[in-house]
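Structure at a glance
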Amino acid sequence: MVEIGRPVKDIEIDSNTSIEKIFEELSQSGGFESVNLSDGLDILTKMISDEKCLKFVSFVGAVVSTGLRGIIKDMIKNKWFDVVITTCGALDHDIAKHFSNYNEGSFTMDDNELADQNIHRLGNVLVPMDNYGPLIEEKMQSFLEEEYKNGVKEMSTAEICKMIGKHMGEDSFLYWAYKNDISVVVPGIMDGAVGSQIWMFAQNHSDFKLNLVGDANLLSGYIFKAEKSGAFMIGGGISKHHTLWWNQYREGLDYAFYITTAQEFDGSLSGALVREAISWGKVTKIARQATLHAEVTTILPFIYAALLSKLKKN
């Protein structure tokens, strides 16, 4: 017999309805993705509140080019997570936006004209060339040279992220990760401006090495000691997969919430629902898990606001 759920309830909102109450209304609405949204909030609340849980957050670099950088920074500032898994672009944008700025644009701008004006377009965000490549080159070469003169000849990506963080300010997610001793691991660090600068530095300092095994040792140290683990995965790609991959070594995540715009019909990792990871041993069979199909810059601010409210009560 199929177990029938409770009756679908119409959403009721008035001018006094709190954001927490809105999420409660969504949970009873039977509404397609709205139920996944409310389930995700509940999963994150329980995960962050669970003192026995090792907590991961993963995100794609592109969102750091937008104002969502502020939410990511605040989640790390709040010490909600123990480990960050991200892409090189997140480092690039964090550095560039700390020392300069990006501009508003649109998806329909003429890219030939933008190229003539030395402006890169990232969706509807404009990245002036001087605020990106040359700036990151200047900063990274300076940071690396300082470490090298102090006798550092080998660094993992987690150590590189700490190095960057200590040179940043309070608007930076890398700064707060450094300040709060939260490890940031970038498995694909060579795929971006920061990675290119590491390579260029090594051309002039042949004894300097990038130690990816050091990151593996760091992550294994976390995983093999964890009583429980959970992950908030913002977008797919290598950051999502690396988070899942390492958690298979402790029989999978106990909490997992994934936000994506990708679809699963093409077999891609980004399109795969969290539940598919159960078959790989990357999520436990009894895990609290949900996948939300949504564009994260529109939805994460509301999730964050609701989390602040629920965690304050807890």
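Now for a quick tour of the structure. (Residues numbered from 1 in each chain as written. Predicted model: local features only at pLDDT ≥ 70, side-chain atom pairs only at ≥ 80, totals over all residues. Heavy atoms only, no water.)

A few words now on the sheet that holds strand β5 (residues 125-128). One open sheet holds the 3 strands; their spatial order is β3-β5-β4, and the pairing between them is antiparallel. Both edges of this open sheet fall to β3 (103-104) and β4 (119-122), since each of them pairs with a single strand only. Pairing analysis gives 4 bridges linking β4 to β5, with the strands arranged antiparallel. Bridge pairing links Arg 121 to Leu 126 in β5. (Pairing = 2+ DSSP bridges. Helix = DSSP H or I, 4+ residues; strand = E, 2+ residues; numbered from the N terminus.)

Next up on the list: the packing of aromatic side chains. With the rule as written, the count across this model stands at 9 aromatic pairs. Here Phe 232 and Phe 257 contribute two aromatic rings whose centre-to-centre distance is 5.6 Å and whose plane-to-plane angle is 5°, an arrangement assigned as stacked. You can see Phe 232 sitting in strand β9 (residues 228-234) and its partner Phe 257 sitting in strand β10 (residues 253-260), a full 25 residues away along the chain. Both residues of the pair, Phe 232 and Phe 257, belong to the buried class. (Phe/Tyr/Trp six-rings, centres within 6.5 Å; stacked < 30°, edge-to-face > 60°. Buried < 20%, exposed > 50% of the residue type's maximum accessible area, 1.4 Å probe, protein only.)

Applying the stated criterion to the full structure yields 16 salt bridges. For Asp 111, the salt bridge identified is with Arg 121, shortest N-O distance 2.6 Å. Residue Asp 111 is found in helix α5 (residues 111-116), and its partner Arg 121 is found in strand β4; the two are separated by 10 residues along the sequence. For Asp 111, a relative accessible area of 39% puts it in the partly exposed group. Of the charged contacts in the structure, one is a salt bridge between Asp 207 and Lys 153, with a shortest N-O distance of 3.3 Å. Here Asp 207 is found in the loop between α9 (193-204) and β8 (209-210), whereas its partner Lys 153 is found in the loop between α6 (133-149) and β6 (154-155), with 54 residues between them in sequence. Classification of Asp 207 as partly exposed rests on a relative accessible area of 35%. For Lys 153, a relative accessible area of 34% gives the class partly exposed. (Salt bridge = Lys/Arg side-chain N within 4 Å of Asp/Glu carboxyl O.)

Together, Met 190, Trp 199 and Met 200 line one region of the surface with nonpolar side chains, adding up to about 310 Å² of accessible area. Mapped onto the elements, Met 190 comes out in the loop between β7 (183-185) and α9. (Patch = residues over 30% accessible without salt bridge, like charges linked within 9 Å, V, L, I, M, F, W, Y side chains within 5 Å. Areas by Shrake-Rupley, 256 points an atom, 1.4 Å probe, with all protein chains shown as cover.)

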